[in-house]
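# Structural description and commentary
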Amino acid sequence: MSTVTDAMSEQQRQPKPQPQGIKLTEQQLRARRARSIAIALALGAFVIVIFAVTMVKLGSGALSGADTMRPVQTTK
Amino acid sequence: MSVTFARVEPSIAGVGDYIALMKPRVMSLVVFTALVGLVVAPGHVHPVIGFVALLCITVGAGAAGALNMWYDADIDARMARTAARPIPRGRVTPGEAAGFGFTLATFAVVTLGLLVNVLAAALLAFTIFFYVAIYTMWLKRSTPQNIVIGGAAGALPPMIGWAAATGSLAIEPVLLFLIIFFWTPPHFWALSLYRSEDYARAGIPMLPVVAGAAETRRQILLYTLILAPLGVAPWLLGYAGPVYGAAAVLIGGVLIALALRVCREREGHRASRQLFGFSILYLFLLFAMLLIDRLPGALFGHFA
């Protein structure tokens, strides 16, 4: 029993082989960074477009919400 | 049993490669003709809405270009004119181009539908579908009438611009559609006359490859004789002023003269090259004149 335990602890002490994975070259890293920046800019532009159109569609009433909350005045 | 997986290399595609996938030169013509459709339409469009409409049409055209390059990668690699495109050069994989194209197309159509109007979005979706499925996948490899029928896709942007401005269609945008539709065959056949070997090597049945140079020259003249009066029609029908009319008559006359020279040419391709170059200028001038004719009205309408 102790022999088995010794063997297991010996195995645990052995340095685990590190996963190799894919090492990107300098060119690949540069290309990925440029693509990431372009996607970020495109998403930013998309957000600005949605914001601008929302403002246009809502018109001036978008910034004067308090006025729309007033009760309607009725004449008797 | 063993399973093998293709090794996938991390992408080296830069931003420029993705821009090249969108065919920027075609895109510039699309955005210009769509702008004219938008400006000549009656009524007033808020500049922000107009800008968004043009942006969506531009991105939609770019998406169609990317999907065209994805499907045509095999024949692009066999032609000198297209061998340097991102997929044949190995900069972008076909899968990446397809994903890019489908994503942009979806974004462009949905955004146009939600922020501008549904008719314009439907027309943009139809244009992309027509260019990719009808022209690229079907007609281009099967008939010499490929660019005649497929030209409808390139002719639709002014109609989309008009629909974005008004939410409806009329005779005038149909006229703009017809001008580009009848402009496409003489423009591309002039090019294919001096690129016929390229097209033959790629197995594309362009008219000079299938019917010969003489028949192509005859067809170029035929379409030019229809195109020149169509170019004058906006003035004749009262949609444009006399300055536009005079310019359209003048440049239409030059176009017919060049087409006649192509018809008479027996050796070399000098006249074909001249016609190809001038055809681009012709369409640009025609639409620019229409824009100049209507721009004061559009501007004063906005600031009134």
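Note: the structure precedes this text.
Residues numbered from 1 in each chain as written. Chains lettered and ligands numbered in written order. Predicted model: local features only at pLDDT ≥ 70, side-chain atom pairs only at ≥ 80, totals over all residues. Heavy atoms only, no water.

### What about the nonpolar core?
Residue and element names in this part refer to chain B. Leu112 and Phe287 are the most contacted members of the largest nonpolar core, which totals 99 residues. Taken domain by domain, this core gets at least three of its residues from each of domain 1 (14–169) and domain 2 (170–292). When near neighbours in sequence (up to four residues on either side) are disregarded, Leu112 contacts Ala53, Cys56, Asn117, Ala120, Ala121, Leu124 and Ile160. In terms of nonpolar packing, the next biggest core, distinct from the first, is built from nine residues, Ala13, Tyr18, Ala73 and Ile87 among them. (Core = buried A, V, L, I, M, F, W, Y, C linked by side-chain atoms within 4.5 Å. Buried < 20%, exposed > 50% of the residue type's maximum accessible area, 1.4 Å probe, protein only. Domains from an automatic or database assignment. Contact = heavy atoms within 4.5 Å.)

### Some points on helix H12 (residues 213–236) of chain B
If you check H12 of chain B, its first and last C-alpha atoms are 35 Å apart, about what 24 residues at 1.5 Å a residue would give, namely 34 Å. Taken from the residues just after H12 of chain B, Gly238 of chain B is the one with a positive phi, measuring 85°. (Helix = DSSP H or I, 4+ residues; strand = E, 2+ residues; numbered from the N terminus. Expected span 1.5 Å × (residues − 1).)

### Brief notes about the pattern of salt bridges
Two side chains carrying opposite charge are able to pair once their charged atoms lie near each other. Residue and element names in this part refer to chain B. Following the criterion strictly, the structure yields eight salt bridges over all chains and no others. Between Lys140 and Asp72 there is a salt bridge; the shortest N-O distance is 2.7 Å. Within this pair, whereas Lys140 is found in the loop between helix H6 (118–139) and helix H7 (146–155), its partner Asp72 is found in the loop between helix H3 (47–71) and helix H4 (73–76), the two being separated by 68 residues in sequence. Grouping residues by exposure puts Lys140 and Asp72 together as buried. Put simply, Asp72, Asp74, Lys140 and Arg141 are held in one network by salt bridges that share partners. (Salt bridge = Lys/Arg side-chain N within 4 Å of Asp/Glu carboxyl O.)

### Quick word on the side chain of Thr111 of chain B
Among the structural elements, Thr111 of chain B can be located in helix H5 (residues 94–115). In this structure the side chain of Thr111 of chain B is engaged in a polar contact, spanning 2.5 Å, whose partner is the backbone oxygen of Phe107 of chain B. Beyond its immediate chain neighbours, meaning those up to four positions away, Thr111 of chain B contacts Phe46 of chain A together with Cys56 and Val116 of chain B. (Polar contact = N/O pair within 3.5 Å; in protein donor to acceptor, adjacent residues only side chain to side chain.)

### Description of the packing of aromatic side chains
Any aromatic ring pair is given by two values, namely how distant the centres are and how the planes are angled relative to each other. Residues and elements named next belong to chain B. Applying the stated rule across the entire model yields 12 aromatic pairs over all chains. Taking 5.7 Å as the distance between ring centres and 45° as the angle between the ring planes, the aromatic pair formed by Phe126 and Phe130 counts as tilted. Of this pair, Phe126 and Phe130 are both found in helix H6, four residues apart, which corresponds to roughly one turn of the helix. For Phe126, a relative accessible area of 42% puts it in the partly exposed group. In this structure Phe130 comes out as buried when scored by relative accessible area, which is 12%. Between the aromatic rings of Trp189 and Tyr223, the centroid separation amounts to 5.5 Å while the plane-to-plane angle is 75°, which identifies the pairing as edge-to-face. One end of the pair, Trp189, is in helix H9 (residues 171–193); the other, Tyr223, is in helix H12, with 34 residues separating them in the sequence. The class for Tyr223 is buried, based on a relative accessible area of 13%. The rings of Phe177, Phe181, Phe182, Trp189 and Tyr223 are connected pair by pair, giving a single aromatic cluster. Over the face of the ring belonging to Tyr194 we find Arg273, whose NZ or CZ atom lies 4.2 Å from the ring centre. (Phe/Tyr/Trp six-rings, centres within 6.5 Å; stacked < 30°, edge-to-face > 60°. Lys NZ or Arg CZ within 6 Å of the ring centre and 35° of its normal.)

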